[in-house]
Every structure is written in structure tokens, then in C-alpha cells.
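If you want the building blocks of each chain, they are given just below.
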Amino acid sequence: MNRFEGKSVLVTGGSSGIGLAAARAFAAEGARVVITGRDGATLEQARASLGPNALAIRNDAGSVPAARELAKAVAAEGIKLDAIFINAGSARFAAFPDVDEALWDQGFDTNVKGAYFQLQSLLPQLNPGASIVINGSINAHIGMPNTSVYAASKAALISLSRTLSAELLPRGVRVNVVSPGPVHTPLYGKLGMDAATLEATAAQIQAQVPLGRFGTPEEIAATVLHLASPESAFIVGTEIVIDGGMSQL
């Protein structure tokens, strides 16, 4: 299928994991894909895998000035966006007594403040009928120990999606959320845990998934693609949970 033939899509944090899987899915459907990331080498490698029509913009997802620069860079390329996947995020887990201001600021700057001002800055670049998909998390719902900052930041994003859904609908822009459960991505190597603790935590999490496994980035990307496409035109302000039944059963 070529549902995105002649259309342009932005994926933040598109150099690895769920973001890269989504970018590849959009590209396979004919979209011109713009991806962002912090690491220049990883970003360029991802761009090359998306084909000659893809564009990579090095950008700090937690910075308000960078949000403005991202919008300028997209406009300078003459790109009008038909979909945005707000995916860039930070996940640092720590027990409540061990959380410091730096961990809090990193989580909320990247997951909430950056996302908010990216969308605000990019609003003039959105075509009528555009779709915004925000990457949430089931951690906003399940009360998992050691995730207080991460879960709160994702809950804020889910709330933001509902508010923006109402505010942007007169512009013809839809906003929805995908909330993944545990997924095999590089993010799990960045949780601030040593290898043994990470392995034990992953085993504990997997045991709570009724399907008995972690999800794949491609499984999340398929739902992102659906929400961004015209076939989901009647879905607005909705959160779709993709967690193997972890928060449902």
C-alpha cells in the first residue's frame, strides 16, 4: 500500500527503537520521512536506511530553543507535515527516595516540555487533516515501583493529548496516543541500572505480561501508522494501549 504517497511525516527520536520502526513503516508506505535524534552518527545511519528521500535533523528533544530550530529547519526544506509522531523520550528509573532534581528535570524536559513546544512550534507546518500521535506508556496507569518520574511525565503527555485534541480539532488536526507496554528497544539499556538489575527487572516485567513476552517496535509502529492514516479519521483524543494485556488482564 501507499497510504502516505506524496505526504511528509516527522518522527522525533527516529534513529532507533520504536521511532525508527515507525519511520521505516511510513517510508514503506511512500512518505517522505523526517527523523530527529541527538547522536549524529546513529541518526545518519538511520536516515540512510530510510532511503534517499529521508531527512535527518540533529535535535535535542528536551530543549525549547531546539524545538524552535526544528520547526525552522522543517520550514526551510519547504515541508508541510501530514503527520507527527512525538516519540523522543527519556526513561530513568529510581526509587522515590533516590530521585533528585536532575533526574526529574531530564524526564520532564524531554518527555513533556520538549514535546509541548515542539508541537507548538510545528503547528504552522501542519497540513489540514494532519495527525499527531504521541508515545505514552502503560506506566502512566499501573503504578510500577521506581518509575515515579517517568510515569508522571507520561501521564502528563496523555492529558496533553486530550486537551490538544479539543483545541486543534477546529484546525482539522487529530491527536491520539499509543501507550506501549514493555518493548524490546535500546531504551532498556538506558534506565540507569546495572546489567544484573536490568536483567532481573526485565524478567519481573515479562512475568506480568499475559502474552509472556516483550513487544517489538514494529508492533507499536503498526498502530502509529494506523492512527496517522486517513483510515482512522474517526479516532480522536484516544489512547490505544499496546501491552500484551499487561494492564488489561
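Every value quoted in this text rests on a predicted model; they were computed, and no experiment measured them.

(A) Molecular detail of the sheet that holds strand 4 (residues 81-86). In spatial order, the strands read 3-2-1-4-5-6-7; together these 7 strands make up an open sheet with parallel pairing. The sheet is open, and its two borders are formed by strand 3 (55-58) and strand 7 (239-242), each paired with just one other strand. Averaged over all pairs of adjacent strands, the angle between strand axes in this sheet comes to 15°, irrespective of strand direction. The sheet contact formed by strand 5 (residues 126-135) and strand 6 (residues 174-180) spans 5 bridges and is parallel. Paired with Val133 across the strands is Asn176, a residue of strand 6. In the packing of helix 2 (residues 40-49) onto the sheet, contacts are made with strand 2 (32-37) and strand 3, and the angle to strand 3 comes to roughly 170°.

(B) Inspection of the pattern of salt bridges at higher detail. For the structure on display, the rule yields 8 salt bridges. Between Lys72 and Glu69 there is a salt bridge whose closest N-O contact spans 3.7 Å. Residue Lys72 and its partner Glu69 are both found in helix 3 (residues 64-76); the two are separated by 3 residues, about one turn of the helix. Given the relative accessible area of 46%, Glu69 is considered partly exposed.

(C) Structural context of a negative patch on the surface. Taken together, the side chains of Asp98, Asp100, Glu101 and Asp105 present a region of like negative charge at the surface. With respect to the helices and strands, Asp98 occurs in the loop between strand 4 and helix 4 (101-122). Here Asp98 falls in the exposed class, since its relative accessible area comes to 56%.

(D) The arrangement of the UniProt feature "domain: Ketoreductase" (unreviewed entry) in the chain in detail. The positions that UniProt labels "domain: Ketoreductase" (unreviewed entry) are, in the present scheme, residues 7-181. In residues 7-181, helix accounts for 47% and strand for 21%; the two terminal C-alpha atoms are 29 Å from one another.

(E) Structural view of the nonpolar core. Phe26, Ile35, Phe85, Val178 and Val224 are the most contacted members of the largest nonpolar core, which totals 28 residues. Every element with two or more residues in this core is listed here: strand 1 (8-11), helix 1 (17-28), strand 2, helix 2, strand 4 and helix 8 (217-228). Contact partners of Val178, with chain neighbours within four places excluded, come to Phe85, Val133, Ile134, Asn135, Gly136, Ser137, Ile220, Thr223, Val224, Leu227, Ile240 and Ile242. Listed in part, the 27 residues of the second largest apolar core include Leu70, Ile132, Ile158 and Leu160.

(F) Molecular detail of helix 6 (residues 148-168). Its 21 residues place the ends of helix 6 30 Å apart at the C-alpha level, agreeing with the 30 Å of an ideal helix rising 1.5 Å per residue. On its buried side, helix 6 packs onto helix 4, strand 5, helix 5 (139-142), strand 6 and strand 7.

(G) Spotlight on the packing of helix 3 against helix 4. Across the interface, helix 3 lies against helix 4 with an axial gap of 8 Å and an inter-helix angle of 30°. Remark: the crossing between helix 3 and helix 4 carries right-handed chirality. Contact with helix 3, carried on its side by Val64, Ala67, Arg68, Leu70, Ala71 and Val74, involves Lys113, Phe117, Gln118, Gln120, Ser121 and Leu122 of helix 4 and no other residues of that element. The residue makeup of the contact of helix 3 with helix 4, split by class, is 7 nonpolar, 3 polar and 2 charged.

(H) The packing of helix 4 against helix 6, seen in detail. Where helix 4 contacts helix 6, the two axes come as close as 9 Å, and the packing angle between them is 15°. Here helix 4 lies roughly parallel to helix 6, going by the angle between them. In this structure, helix 4 meets helix 6 at a crossing whose hand is right-handed. Of helix 6, the residues touching helix 4 (which contributes Leu103, Trp104, Gly107, Phe108, Asn111, Val112, Ala115, Tyr116 and Leu119) are Val149, Tyr150, Ala152, Ser153, Lys154, Ala156, Leu157, Leu160 and Leu164. The residue makeup of the contact of helix 4 with helix 6, split by class, is 14 nonpolar, 3 polar and 1 charged.

(I) Geometry of the environment of Val241. Summarising the element assignment, Val241 is placed in strand 7. Residue Val241 is classed as partly exposed on the basis of its relative accessible area of 28%. Each C-alpha atom of the pair Val241 and Ser179 lies 4.7 Å from the other, and the pair is 62 residues apart in sequence. Apart from residues no more than four positions distant in its own chain, Val241 is found in contact with Ile138, Ser179, Ser247 and Gln248.

Criteria and cut-off values
- Residues numbered from 1 in each chain as written.
- Predicted model: local features only at pLDDT ≥ 70, side-chain atom pairs only at ≥ 80, totals over all residues.
- Heavy atoms only, no water.
- Pairing = 2+ DSSP bridges.
- Helix = DSSP H or I, 4+ residues; strand = E, 2+ residues; numbered from the N terminus.
- Axes fitted to C-alpha atoms, helices over the stretch in contact; angles between N-to-C directions.
- Contact = heavy atoms within 4.5 Å.
- Salt bridge = Lys/Arg side-chain N within 4 Å of Asp/Glu carboxyl O.
- Buried < 20%, exposed > 50% of the residue type's maximum accessible area, 1.4 Å probe, protein only.
- Patch = residues over 30% accessible without salt bridge, like charges linked within 9 Å, V, L, I, M, F, W, Y side chains within 5 Å.
- Areas by Shrake-Rupley, 256 points an atom, 1.4 Å probe, with all protein chains shown as cover.
- Lys, Arg positive; Asp, Glu negative; His and termini not counted.
- Charge placed at Lys NZ, Arg CZ, Asp CG, Glu CD.
- UniProt positions renumbered as here; feature names shortened; annotations may be inferred.
- Core = buried A, V, L, I, M, F, W, Y, C linked by side-chain atoms within 4.5 Å.
- Expected span 1.5 Å × (residues − 1).
- Left-handed = near helix turned anticlockwise from the far one by under 90°.
- Nonpolar A, V, L, I, M, F, W, Y, C, P; charged D, E, K, R; others polar.
- Parallel < 35°, antiparallel > 145°, perpendicular 65-115°, else oblique.

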